[in-house]
Amino acid sequence: MLQAINLRKTYDGHTALDNLNLHVKGGEIYCLLGANGAGKSTTINLFLSFLQPCSGQALVDGRSAQAHPLETKRALAYIPEIVMLYRNLTGIENLRYFSTLAGHAHYSDRELIGFLRRAGLPEDAPHRRVGGYSKGMRQKVGIAIALAKQAKALLLDEPTSGLDPKASNEFSSLLTELSGQGVAVLMATHDLFRAKESGTRAGIMRQGRLLTEVAMSDIGHADLERLYLDFMRD
Amino acid sequence: MIWHIARKEFTEITRDGRFLWSSLIVAALLLLSLALGASRYADESELRAAAVRETRQQWLDQGAKGPHSAAHYGVYAFKPATPLALFDPGMNDYTGIVTMLEAHKENQASYKPAQDATALQRFGDLSGAMVLQLLVPLLIVLLCFGMISGEREEGTLRQLLSVGADQRDLIWGKVLAVAMVLTLLLVPAAVVGGLIAATQLQAADRHDLIDLPAKTAILAGAYLVYFGIFIVVSMSASILMRSSSAALTMLMAFWIVSGFLLPRAAADISRLVQPTPSALELSTAVARDKSKGPHPHEVNHPNHIAFRDEMLRKYGVTRVEELPYSFIGLALQADEEHGFKVFDKYYGALREAHDRQNRLQQLAGLFSPYIAIRSVSAALSGTDIYFFQDFAAAGEAYRRNLVRVMNDDLMRRTAGQSNYAAEWQYRGNKELWAKVPPFDFDAPSLGTILQRNVTPLIVLALWLVASIALLRGLARRMQVERQ
């Protein structure tokens, strides 16, 4: 579903991503681990075609993100660390707007509220303006946007940082539910615990390079952490 | 898609108190200026109608007197105004509205409110045109500057484009939303303004209403183009600049340069490049050349004697009393005709210099859409310099006919009389006064106006086309993050 082939990106001589090869299939939750600047966000931006690779390809559902920026984005849903919404619009208005632009203008209010509920937004929130929402509530609207989009692949950039443990846990079970429906998930995260909890595979990145890949079923919590720290050592 | 985007932007704008208040202030100023303009127009047209009747009555009822005295008595011509002048007073404060039409002199119009005004008042005159030419663009700038840069800063642009929205749709949707806000603001004001103007139509002289519906339509179209330019330019700046504050700074600079600096600079530069003589130089030159005429009242002046000898030779007689026409009548008309040539030479040159200045200023519109719309708006409203020149030319033609009719009567009716008897004993009467028709003036037709404003109209079209091309290019290449 998500495939990086020899993907390379440099800015002003600095190599942000070096020859990345990656394949996330439907139903998988792939966690990209690594320090800041390891190239995790660059990878996600390349799949979103917000960046152009210097060489190589980012494929979404078999199609190049660079050659088909709009079509490939239709198949994706993106949840960043902080979901940015229109503060003067209510939660449901934000969701309707994003869904409409994603090509789903047909949702009724009831369906939209259903998505917000499913994402865990409190019951009284959808008709309040987003300006008064907490970070967690905005994150949930972001999840609702992804749900409403019925995306085949999710791109998550530190989605749970700043969420309380309960919200974080709800998020994880939602991810598991979605991957159960065949959605491919690529998640950049620092949260080894959360990665182990919900991920099916993990890749460890450093200075733009994918150093190793492990299957979560083969490794325990402590082992994952030790592996990670080993790779981070100079 | 564009429609959904426009609707959401529209909702956001109307929920933002700042824009709501500034829009309401602009709408209120527009209505106020139209109401003030209408009341001023109504007062002035009433005064003008009364003055026109009065000057005509005074002319007809001036009693028995010599025709040349009557020509000295003269009439006043009042510059008419089309109902659109209530919207755009244009050059009215600078050109004057009354001309005295009398023997011997081509007078310049008087009663120019600008003469009594301080320099500060240049900024202070509130008119509908000023609101549309300066305040509405400011409102557009304030509405637009953060439309893209703000979303980029907030991070919503990233979120929005990640769902697969087409960025071109996004930008044109925003353009449409601003257009909707302006429509909501301006259409009611235009309707009220139209109703106010309609109340003036019954009272108005039909000479002032020539092509009025077509002129109004073109005027409205020109303002739509002008607003379109500002929307598209502002949206382009919002994409192009690094931050909202940079976009705002750039757009405010554009607004000030286009609306205040360039118009003044263009006026000063056009005066430098195409200088006109001072009023004193002009009147000295006119007086000097005029004194080369036959001096009808100075029997010992060499020019008088030369003219008398010429007339005696021409008609083959020895005494002025034997001429087929009275000598004083011939001399007065010859003096007038000499004057016509002098006036044509000097005032004609002055008009040409003004024309060249005006053409230069129109060209300056290439750098300032404000200059272009100002020219088109005043022309269609009948308050530009050309309308004034038409009025002045009509006044002068009327004056020439008036003195000719008077001198003609004098020279025929007093043939064989001495100069003194002819000038001071012969009396004309109402029948003669009535031979001079009342002054009337046709406002220039739409065709004439368009022809005179080809440059600013093309300039406006060029601005719109060029700015749309720029925005299309920017919309295609726009990046979520500036790299």
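Right, let's walk through the structure included here. For every chain, the first residue of the written sequence is number 1, and numbering continues from 1 along that sequence. As they are written, the chains are lettered A onward and the ligands numbered 1 onward, keeping that order. Local features are withheld for residues below a pLDDT of 70 in this predicted model, meaning they are given only at 70 or higher, and side-chain atom pairs are given and counted only at 80 or more; totals for whole chains, interfaces and linings count all residues. Calculated side-chain values reflect all of the structure's heavy atoms, with hydrogen atoms and water omitted.

We now examine the pairing of strand E7 (residues 153-157) of chain A. Residues and elements named next belong to chain A. Relative accessible area decides the class of each residue, using a 1.4 Å probe on protein chains only: under 20% of the type maximum gives buried, over 50% gives exposed, and in between gives partly exposed. Strands are runs of DSSP state E lasting at least two residues, helices are runs of H or I lasting at least four, and both sets are numbered from the N terminus onward. The buried fraction of E7 is high, at 5 of 5 residues. Burial along E7 is two-sided: Ala153, Leu155 and Asp157 facing one way and Leu154 and Leu156 facing the other are all buried. Two strands pair when backbone bridges link them, and strand E6 (residues 76-79) and E7 are joined in this way by 4 bridges, in the parallel orientation. Counted as the bridge partner of Leu76 is Ala153 from E7. Across 5 bridges, the pairing between E7 and strand E8 (residues 184-189) is parallel. Note on E8: the bridge partner recorded for Leu154 is Val185. Only strands joined by at least two bridges in the DSSP assignment are considered to pair.

Now for the packing of aromatic side chains. Pairing of aromatic rings covers Phe, Tyr and the six-membered ring of Trp, with a centre-to-centre limit of 6.5 Å; geometry is then stacked below 30 degrees between planes, edge-to-face above 60, and tilted otherwise. Tallying each qualifying case throughout the model produces 21 aromatic pairs over all chains. Measuring from centroid to centroid gives 5.9 Å for A:Tyr86 and A:Phe98, while their planes differ by 25°, and the two rings are stacked. Of the two residues, A:Tyr86 sits in the loop between E6 and helix H3 (91-101) while A:Phe98 sits in helix H3, which places them 12 residues apart along the sequence. Across this residue pair, the class does not change: A:Tyr86 and A:Phe98 are buried. Relative to B:Phe441, the ring of B:Phe387 has its centre 5.4 Å away and its plane inclined at 85°; by these criteria the two rings are edge-to-face. Of the two residues, B:Phe387 is situated in helix H16 (residues 385-413) and B:Phe441 in the loop between helix H18 (430-433) and helix H19 (446-452); the sequence distance between them amounts to 54 residues. In this structure B:Phe387 comes out as buried when scored by relative accessible area, which is 2%. Among the aromatic side chains, those forming a connected cluster through ring pairs are B:Phe87, B:Tyr223, B:Tyr226, B:Phe227, B:Phe230, B:Phe254 and B:Trp463. Above the face of the A:Tyr86 ring, B:Lys8 is positioned so that its terminal group lies 3.3 Å from the ring centre. Sitting over a ring, as applied to charges here, requires NZ of Lys or CZ of Arg to be within 6 Å of the ring centre and within 35 degrees of the ring normal. Here the guanidinium or amino end of B:Lys65 rests over the ring plane of B:Tyr73, the centre of that ring lying 3.9 Å away.

Turning next to unusual backbone geometry. All names here are of chain A. Even without a glycine there, the phi angle at Asn6 is positive, about 45°. You will see that Gln207, though not glycine, has its phi angle at about 45°, which is positive. Take Gln207: it is sitting in the loop between strand E9 (201-206) and strand E10 (209-215).

Between chain B and chain A, the residue contacts involve 26 residues of the former and 28 residues of the latter. Once two parts are joined, some of their accessible surface, as seen by a 1.4 Å probe, is lost; buried area is that loss totalled over both. Between chain B and chain A the total buried area reaches about 2600 Å² when both faces are included, carbon and sulfur atoms providing 57% of it. By salt bridge we mean one thing: a side-chain nitrogen of Lys or Arg within 4 Å of a carboxyl oxygen of Asp or Glu. Connecting chain B to chain A are 2 salt bridges. With its nearest N and O atoms 2.7 Å apart, the salt bridge here joins B:Arg15 to A:Glu93. Within 3.5 Å is the distance limit for a polar contact, defined as a pair of N or O atoms, with the added protein rule that one can donate a hydrogen and the other accept it, and that residues adjacent in sequence qualify only through two side-chain atoms. Remark: the boundary between chain B and chain A carries 10 residue pairs in polar contact (both at pLDDT 80 or more). Breaking the side of chain B that touches chain A down by element, the ones donating at least two residues are helix H1 (2-15), helix H7 (149-154) and helix H8 (156-162) of chain B. The contact criterion used is simple: two residues touch if any of their non-hydrogen atoms lie within 4.5 Å.

What follows covers the sheet that holds E6(A). Residues and elements named next belong to chain A. Taken in spatial order, the 6 strands make up an open sheet running E6-E7-E8-E3-E9-E10, and their pairing is mixed. Lying at the two open borders of the sheet, with one neighbouring strand each, are E6 and E10. This sheet shows a mean twist of 15° between the axes of neighbouring strands, independent of strand direction. Between the N-to-C directions of two axes lies an angle of 0 to 180 degrees, each axis being a line fitted to C-alpha atoms and, for a helix, fitted only over the stretch in contact. Against the sheet, helix H5 (residues 135-149) engages E6 and E7, with an angle of about 175° to E6. Each of strand E3 (29-33), E9 and E10 is contacted by helix H8 (residues 221-232), which is oriented at about 20° to E9, the strand it contacts most.

To continue, consider the sheet that holds strand E2 (residues 14-24) of chain A. Residue and element names in this part refer to chain A. Across the sheet, which stays open at both edges, the 4 strands sit in the order E2-E1-E4-E5 with antiparallel pairing between neighbours. Whereas interior strands pair on both sides, the edge strands pair on one side only; in this sheet they are E2 and strand E5 (63-64). As defined by bridge partners, strand E1 (residues 2-11) adjoins E2 across 7 bridges and the pair is classed as antiparallel. Its bridge partner lying in E2, Leu7 is registered against Leu20. Lying on the sheet, helix H1 (residues 40-47) is in contact with E1, E2 and strand E4 (55-60); it crosses E1 at an angle near 115°.

Residue and element names in this part refer to chain B. On inspection of all chains with the given rule, the structure shows 37 salt bridges over all chains. We note a salt bridge from Asp289 to Lys345, for which the minimum N-O separation is 3.4 Å. Residue Asp289 is located in helix H12 (residues 279-290), and its partner Lys345 is located in helix H14 (residues 327-364); the two are separated by 56 residues in the primary sequence. Each of Glu106, Glu336, Asp344, Arg351, Glu396, Arg399 and Arg400 takes part in a single network of salt bridges with overlapping partners.

We now examine a nonpolar patch on the surface. On the surface, B:Ile269, B:Leu272, B:Val273, B:Leu360, B:Leu363, B:Leu366, B:Phe367, B:Val454, B:Ile458 and B:Leu462 cluster together into a nonpolar patch covering about 960 Å² of accessible area. Along the polypeptide, B:Leu360 turns up in helix H14. Distance thresholds for patches are 9 Å for like charges and 5 Å for nonpolar side chains (Val, Leu, Ile, Met, Phe, Trp, Tyr), applied to residues having over 30% relative accessible area and no salt bridge. Note on areas: Shrake-Rupley with a 1.4 Å probe; residue coverage comes only from the protein chains shown.

Moving on, we come to the pairing of E9(A). Residues and elements named next belong to chain A. Judged by how many residues are buried, E9 sits mostly within the fold: 5 of 6 residues are covered. In this sheet, E9 lies alongside E3 in parallel orientation, the contact comprising 4 bridges. Paired with Leu32 across the strands is Gly203, a residue of E9. Remark: 2 residues form the turn of the hairpin made by E9 and E10, two consecutive strands paired antiparallel; Gln207 in that turn has positive phi of roughly 45°.

So, about helix H13 (residues 302-315) of chain B. Residue and element names in this part refer to chain B. Here H13 spans 20 Å end to end across 14 residues, near enough to the 20 Å set by a 1.5 Å rise per residue. If you check which residues of H13 are buried, you get His304, Phe307, Met311 and Leu312. Along the axis of H13, the buried positions cluster into a sector of 135°, meaning they face one direction only. Of the exposed residues in H13, the ones pointing more than 90 degrees away from its buried face are Pro302 and Arg313. At its buried positions, H13 is contacted by H14. Gly316 sits one or two positions beyond H13 and adopts a positive phi of about 65°. How far a helix is expected to stretch is found by multiplying one less than its residue total by 1.5 Å. The directions from the helix axis to the C-beta atoms are what the arc is built from.

Quick look at helix H11 (residues 244-273) of chain B now. Residues and elements named next belong to chain B. Helix geometry: H11 is bent most strongly at Val257, by close to 40°. Those residues of H11 not exposed but buried are Ser244, Ala247, Leu251, Phe254, Trp255, Ser258, Gly259, Pro263, Ala266, Ala267 and Ser270. Elements in contact with the buried residues of H11: helix H6 (128-144), H7, helix H10 (212-240), H14, helix H15 (369-381) and helix H20 (454-477). Across the chain, bend at a residue is computed as the angle between axes fitted to the seven residues ending at that point and the seven starting from it.

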